[in-house]
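Survey of secondary and tertiary structure
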There are 2 protein chains.
Amino acid sequence: MVLFFVTGNEGKFREVSALAARFGVELRHSRTPYLEIQADSLSDIARVGAQQAFGLLKAPCFVEDSGLFISSLRGFPGPYSKYVFLTIGNRGVLKLMEGVEDRRAVFRSCVGYCGRDGRPLTFEGKAEGRISTEERGRGGFGFDPIFVPDEGDGRTFAEMSVEEKNALSHRGKAVEGFFRWYLLHKEE
Amino acid sequence: MVLFFVTGNEGKFREVSALAARFGVELRHSRTPYLEIQADSLSDIARVGAQQAFGLLKAPCFVEDSGLFISSLRGFPGPYSKYVFLTIGNRGVLKLMEGVEDRRAVFRSCVGYCGRDGRPLTFEGKAEGRISTEERGRGGFGFDPIFVPDEGDGRTFAEMSVEEKNALSHRGKAVEGFFRWYLLHKEE
């Protein structure tokens, strides 16, 4: 059975399809735009998004929402990371962090899945780390060049290959949890 | 006939009820939480919000969405102004603007109204101005202490009375446009 990943973000699709290949999940890319709600919780956004996408595609599908939550900035940019990235970008975030000692941050991801019963399920993942003092690396996308995961070796996400990033990242963990569930429960 | 203004923001209600009194519009406050979508356009957010609120209240009602768009920050914080205010606040925005010469900004407001026909209408207003170099004043709410409207005398919105601010503000203009329409078209 075909499973749609609904996203307009090519970087996300690249990462998720690498994981799908590893798990033997047959993935299709849909760029159908679906309504995203404003909420402080990624799981609310992903749950409603999955239902919206299912209503449009009429086929089992999932969406993924993620955000960077910086401790000393009370969780900014959080669920609005995409907009903040497109406006003030990595440089803006580095400027906000100038002279700030507490550089702890968490990248959070939530997958929302909706199958034929119309009831959405969510799967979460997180990566704890720190905001670097300068941009490093050209891989990944978004805030990857300024995020150094605690589980890594000091490189930013943007300095890693897709496989290295997937092994440590919030998205890798959320998607892996979802694929494990999906392979046990998928509708034939 | 009663008209509901649906908002969880007491500052907004204070401003809008001062205008309602001036126009002779009978206003009721509803704090019913309604779904807000993520969109780069305030009018999309207000339109969907008004429909959502009407669906919950089953009575003619309006919502108001607003945002501060700073030119040199590519429109940041824009439609996500509330979240940005609650996280990095005025101080964060002033930090992002340190050393920035182009301080132009626009406050935009959009009223979304939904009457018994279920078709939402929108009314817009804007106030052009500049980001100050420090916070000034204790009135208003949100980014008012750092916004100096071009039409004013150099004071920030937070240094004005509700009436002074309403005469110059994005919200005052959007709501006034809506009230003028409403008084001609309201359903008895």
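Residues numbered from 1 in each chain as written. Chains lettered and ligands numbered in written order. Predicted model: local features only at pLDDT ≥ 70, side-chain atom pairs only at ≥ 80, totals over all residues.

The biggest cluster of nonpolar side chains holds 44 residues, and the ones touching the most others in it are Phe 147 of chain A together with Phe 147 of chain B. Not counting residues up to four positions away in its chain, the partners in contact with Phe 147 of chain B are Leu 68, Ala 105, Phe 107, Gly 129, Ile 131, Thr 156 and Phe 157 of chain B. (Core = buried A, V, L, I, M, F, W, Y, C linked by C-beta atoms within 7 Å. Buried ≥ 20, exposed ≤ 12 C-beta atoms within 10 Å, placed from the backbone. Contact = placed C-beta atoms within 7 Å.)

Turning next to the environment of Asp 44 of chain B. All names here are of chain B. Within the secondary structure, Asp 44 is located in helix H2 (residues 42-57). Asp 44 sits 78 residues away from Thr 122 along the chain, and the two C-alpha atoms are 9.0 Å apart. Those residues in contact with Asp 44, other than ones at most four positions away along the chain, are Ile 37 and Ala 39. (Helix = DSSP H or I, 4+ residues; strand = E, 2+ residues; numbered from the N terminus.)

Before going further, it helps to examine the relation of the copies chain A and chain B. When chain A is brought onto chain B, the operation consists of a screw motion whose angular component is 180° and whose axial shift is 0.0 Å, with 0.0 Å RMSD remaining. Here the symmetry operator amounts to a two-fold rotation axis. No C-alpha of chain A lies nearer the rotation axis than that of Ile 37 of chain A, which sits 1.8 Å from it. The residues that chain A uses at the interface reappear at the interface of chain B in 100% of cases, marking a shared surface. (Least-squares fit on C-alpha atoms with pLDDT ≥ 70 in both.)

Okay, the interface of chain A and chain B next. Counting residues at the interface gives 17 residues for chain A, matched by 17 residues for chain B. The set of elements that each furnish at least two residues to the side of chain A that touches chain B consists of strand E3 (36-38), helix H3 (81-87) and helix H4 (89-96) of chain A. For the side of chain A that touches chain B, the residue count by class is 9 nonpolar, 5 polar and 3 charged. Strand direction decides the pairing type here: E3 of chain A and strand E3 (residues 36-38) of chain B, joined by 3 bridges, are antiparallel. Its bridge partner lying in E3 of chain B, Ile 37 of chain A is registered against Ile 37 of chain B. (Nonpolar A, V, L, I, M, F, W, Y, C, P; charged D, E, K, R; others polar. Pairing = 2+ DSSP bridges.)

For the rest of this paragraph, the subject is the packing of helix H1 (residues 10-23) of chain B against helix H6 (residues 170-185) of chain B. Residues and elements named next belong to chain B. Interhelical geometry of H1 versus H6 gives an angle of 40° and a closest axis separation of 10 Å. Here H1 and H6 pass one another in a crossing that is right-handed. The segment H1 lies against H6, with Glu 15, Val 16, Leu 19 and Phe 23 engaging Arg 171, Gly 172, Val 175, Glu 176, Phe 179 and Leu 183. (Axes fitted to C-alpha atoms, helices over the stretch in contact; angles between N-to-C directions. Left-handed = near helix turned anticlockwise from the far one by under 90°.)

In this section: the pairing of strand E7 (residues 120-131) of chain B. Residues and elements named next belong to chain B. Bridging between strand E6 (residues 104-114) and E7 involves 11 bridges; their strand directions are antiparallel. Within E7, the position partnered with Cys 114 by the bridge is Pro 120. As paired elements, E7 and strand E8 (residues 147-149) share 3 bridges and run antiparallel to each other. When the bridges of E8 are listed, Arg 130 appears paired with Val 148.

For the pair H4 of chain A and helix H4 (residues 89-96) of chain B, the least separation of the axes is 9 Å and the interaxial angle reads 115°. Considering the relative orientation of H4 of chain A and H4 of chain B, their crossing is right-handed. Contacts from Gly 92, Lys 95 and Leu 96 of chain A of H4 of chain A reach H4 of chain B at Gly 92, Lys 95 and Leu 96 of chain B. Here the contact of H4 of chain A with H4 of chain B is composed, by residue class, of 2 nonpolar, 2 polar and 2 charged.

Next up on the list: H6 of chain B. Residue and element names in this part refer to chain B. Taking 1.5 Å per residue, 16 residues should reach 22 Å; H6 reaches 23 Å between its end C-alpha atoms and fits that length. By the burial criterion, the buried members of H6 are His 170, Arg 171, Gly 172, Lys 173, Ala 174, Val 175, Phe 178, Phe 179 and Tyr 182. Buried residues belonging to H6 abut H1, strand E4 (61-70), E6, E7 and helix H5 (162-168). (Expected span 1.5 Å × (residues − 1).)

All right, on to H2 of chain B then. Spanning 16 residues, H2 of chain B covers 22 Å between terminal C-alpha atoms, matching the ideal 22 Å at 1.5 Å per step. Among the residues trailing H2 of chain B, Lys 58 of chain B stands out with phi positive, at a value near 55°.

Okay, the environment of Phe 179 of chain B next. All names here are of chain B. Within the secondary structure, Phe 179 is located in helix H6. Taking the C-beta count within 10 Å as the criterion, Phe 179 has 23 such neighbours and is therefore assigned buried. As for Phe 179 and Val 25, which are separated by 154 residues in sequence, their C-alpha atoms are 7.5 Å apart.

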